[in-house]
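Observations on the three-dimensional arrangement
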Amino acid sequence: MSFAQFKVIGTGEYFYYENANHALFNSDGDRLNFEFDSEKMSLPTSSLGKSKNPKTIKIVLGHACNYSCGYCVQKDIGNANERAKNANTQVFIQRLKQNINVSGLERVELWGGETLLYWPDIIEIMGQLDRVGLTWYIPTNGTTLMNKHVDFFASLKGKVTIGISHDGPGHVLLRGPEFLHKKIDVLKNLQKAGVQFSFNPVISLYNYDLFALNDFFANFLKENGLAPVNLVFELGRVYDKTLSKNSYSHIIHGEHIQKYSDILKRYLKRHKDELRSTGENKLLRTNLFHFGNGALPYAVTLKQQRPVSFRSNCGVDLDDLISFDINGNVRTCQNTGNGHLQGTVDALEKIQLKGVNLTKDGFCENCSVSRLCKSSCPIDLSFDVFHLNHLIEKAHYTEIQLSAFELMFNSVVELVEENVSIHSRPQAAPVNDFQQSPIAPT
Ligand code: SF4
Ligand code: SF4
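Residues numbered from 1 in each chain as written. Chains lettered and ligands numbered in written order. Predicted model: local features only at pLDDT ≥ 70, side-chain atom pairs only at ≥ 80, totals over all residues.

**Brief notes about the environment of G315**
The following threshold applies: Note on conventions: DSSP H or I runs of at least 4 residues are helices, E runs of at least 2 residues are strands, and numbering of each starts at the N terminus. For the exposure call, what matters is how many other C-beta atoms sit within 10 Å of a residue's own: 20 or more marks it buried, 12 or fewer exposed, and in between partly exposed, using C-beta atoms placed from the backbone.
Along the chain, the position of G315 falls in the loop between α9 (295-304) and β11 (321-325). A tally of 19 C-beta atoms within 10 Å means that G315 is categorised as partly exposed. Placed 62 residues apart in sequence, G315 and C377 show a C-alpha to C-alpha distance of 10.0 Å.

Written as structure tokens, this is what we have:
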């Protein structure tokens, strides 16, 4: 249990955030949450094993890609042609059906490489597992997206969502030739068919101006008669154990961390100011503020004392989330290669994930943003690599946490100090007069 002290600038009051129970206290040690219920705080727990009743599965179809993005470790081939149908796909589906309860699945993600290069396999898998209530997720670099895909997705019973990896103003530098202007009719058809898509940029050293990213996509959508879509940002991290020059040159580090924090602070403030605005030209909705690990959901979980687990953000340590490759191997996650094979679909009961370090050897224990960051990537990277990721994660999530507190206290809030002591009285009656006209996020 560790407390961090914050100051509400508007009133001069101090409050404390305690990371183990995700709770707020005043200076007297009284809990600030109105309806704290410790039962509700029982957390989904991490697991190194895998269940035969998964809710989510991710299927890695292969690592072929037609692009060569600067920070991607899967630089395989550059051949833009669809791959022939994999002879293993049918066998894999049968093994899947024999070994897991496919009727209990809520979400199936299909991953590459460039996922749509595996279209014959996608048709096979979707055709066999599709049903009402299932959500499909397909990440793509977008260059391969065609109307034949839209027509097929529209014919399915499940809901299809597509994440288009595109870096906006940094795209040509970081990923490759611009192509969005060639895809306007396909994107329109996706929206007409009710297939949701988002743009998913990576926040990296060369591309962290969130306003420029927003404007790029907002202008593209507006100028081409497309409805607004969500921006799903991915914070660029290093996953390469060797801390190679390529990895290091893409993660925000050094003096850029403060510059990025300043931009993120302004970006989150603008979202907060726009919450109740009905005006035009609002920023696109984003996972940094509106959903996912953003400020608004974080404020809601604090206010309503909803459980927020310590498990990883990507879910590799959930027993009901499993990543498979098309050969039936369980992998740590969709981004890992053959060094992270953990067992097979036929013997899920034997799986005990190896090569992960969920606690980071206690490094994160006193961190005030541990409920947001959740100790970064669960893979057991070298300390130097982990620490490099930690520095940008800390800056990133601190701004999101401050933005959440500002929503709750309706004032600018600043972090005073981490790892301080107070005499908490967790059983005391809730205090109702502390909160300063909170926005009461719903
Ligand atoms: S373990 Fe999670 S965070 Fe790490 S590379 Fe895999 S999906 Fe990404
Ligand atoms: S990696 Fe850093 S920012 Fe993330 S929880 Fe650990 S200490 Fe906090």
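After that view of the structure, there is still more to cover.
**Brief notes about the site of ligand 2**
Rules: A residue counts as near a molecule or strand when its C-beta atom, positioned from the backbone, falls within 6 Å of it. Side-chain classes follow a simple rule in which Ala, Val, Leu, Ile, Met, Phe, Trp, Tyr, Cys and Pro form the nonpolar group, Asp, Glu, Lys and Arg form the charged group, and the remainder, Gly included, forms the polar group.
Near ligand 2 you find K360, F363, C364, C367, V369, S370, C373, S375, S376, H390, E393 and K394, and these make up its full shell. If you list the elements that add at least two residues to the shell around ligand 2, you get α10 (370-373) and α11 (383-409). When grouped by side-chain class, the residues that make up the shell around ligand 2 number five nonpolar, four polar and three charged.

**Focus: the site of ligand 1**
Around ligand 1, a shell composed of Y239, C314, V316, T332, C333, N335, C377, P378 and I379 is seen. Looking at the shell around ligand 1, its residues break down into seven nonpolar, two polar and no charged.

**Thoughts on the sheet that holds strand β13 (residues 341-344)**
Inclusion rule: At least two bridges found by DSSP between two strands are what make those strands a pair. Each axis is a line fitted through C-alpha atoms, and for a helix only the stretch in contact is used; angles between axes span 0 to 180 degrees, taken between their N-to-C directions.
Reading across from one edge, β8-β7-β6-β5-β4-β11-β12-β13 is the order of the eight strands in this open sheet, with mixed pairing throughout. The open sheet has two edge strands with one neighbour each: β8 (196-199) and β13. Between one strand axis and the next, the sheet turns through 25° on average, direction left out of account. One ladder, built from two bridges, connects β11 with strand β12 (residues 329-331); its direction is antiparallel. What sits directly across from F324, in β12, is V330.

**Notes on the packing of helix α8 (residues 255-274) against α11**
As a reminder of what qualifies: Oblique is the label for every angle not falling under 35 degrees (roughly parallel), over 145 degrees (roughly antiparallel), or within 65 to 115 degrees (roughly perpendicular). Put simply, a crossing is left-handed when the front helix is turned counterclockwise from the back one by less than a right angle, and right-handed when it is turned clockwise. We call two residues in contact if the C-beta atoms placed from their backbones are at most 7 Å apart.
Contact geometry of α8 with α11 gives a least axis separation of 10 Å together with a crossing angle of 25°. The angle between α8 and α11 places the two elements in the roughly parallel class. Remark: the crossing between α8 and α11 carries right-handed chirality. Each of I257, Y260, S261, L264, K265, L268 and K272 in α8 lies in contact with α11, whose residues at this interface are L391, I392, A395, H396, E399, I400, S403, E406 and L407. In the contact of α8 with α11, the residues fall into nine nonpolar, three polar and four charged.

**Comments concerning the environment of I93**
Mapped onto the elements of the fold, I93 is located in helix α1 (residues 88-99). Overall, the presence of 20 C-beta atoms within 10 Å leaves I93 in the buried class. C-alpha of I93 to C-alpha of Q128: the two residues are 35 residues apart in sequence and 7.9 Å apart in space. Once residues lying within four places of it in the same chain are set aside, the contact partners of I93 are E124, I125 and Q128.

**Regarding helix α3 (residues 147-154)**
Operational definition: The reported arc concerns the directions from the helix axis to the C-beta atoms and nothing else.
For α3, every residue scored as buried is listed here: H149, V150 and F153. Relative to the axis of α3, the buried residues are bounded by an arc of 100° and lie together on one face. Residues of α3 that are exposed and point over 90 degrees away from its buried face: K148 and D151. The secondary structure elements touched by the buried residues of α3 are β7 (159-164) and α5 (184-192).

**Quick look at helix α6 (residues 210-223)**
Our working definition: By definition here, a helix of n residues has an expected span of 1.5 Å times n minus one.
Taking 1.5 Å per residue as the helical rise, α6 with its 14 residues ought to reach 20 Å, and the 20 Å between its terminal C-alpha atoms agrees with that figure. Every buried residue belonging to α6 is among L210, L213, N214, F216 and F217, and all of these are buried. Buried residues of α6, viewed axially, fall in a sector of 160°; they line one side. In α6, those exposed residues whose orientation departs by more than 90 degrees from the buried face are F211, N219 and E223.

**Considering unusual backbone geometry**
In this structure, G113 follows G112 across a cis peptide bond, with omega equal to 20°. Mapping G113 onto the fold places it in the loop between β5 (107-111) and α2 (119-129). Unlike most non-glycine residues, S376 shows phi in positive territory, near 60°. Relative to the elements of secondary structure, S376 occurs in the loop between α10 and α11. Judged by local crowding, S376 falls into the buried class, with 23 C-beta atoms found within 10 Å. Although it is not a glycine, N419 adopts a positive phi angle of roughly 55°. Positionally, N419 belongs in strand β14 (residues 413-420).

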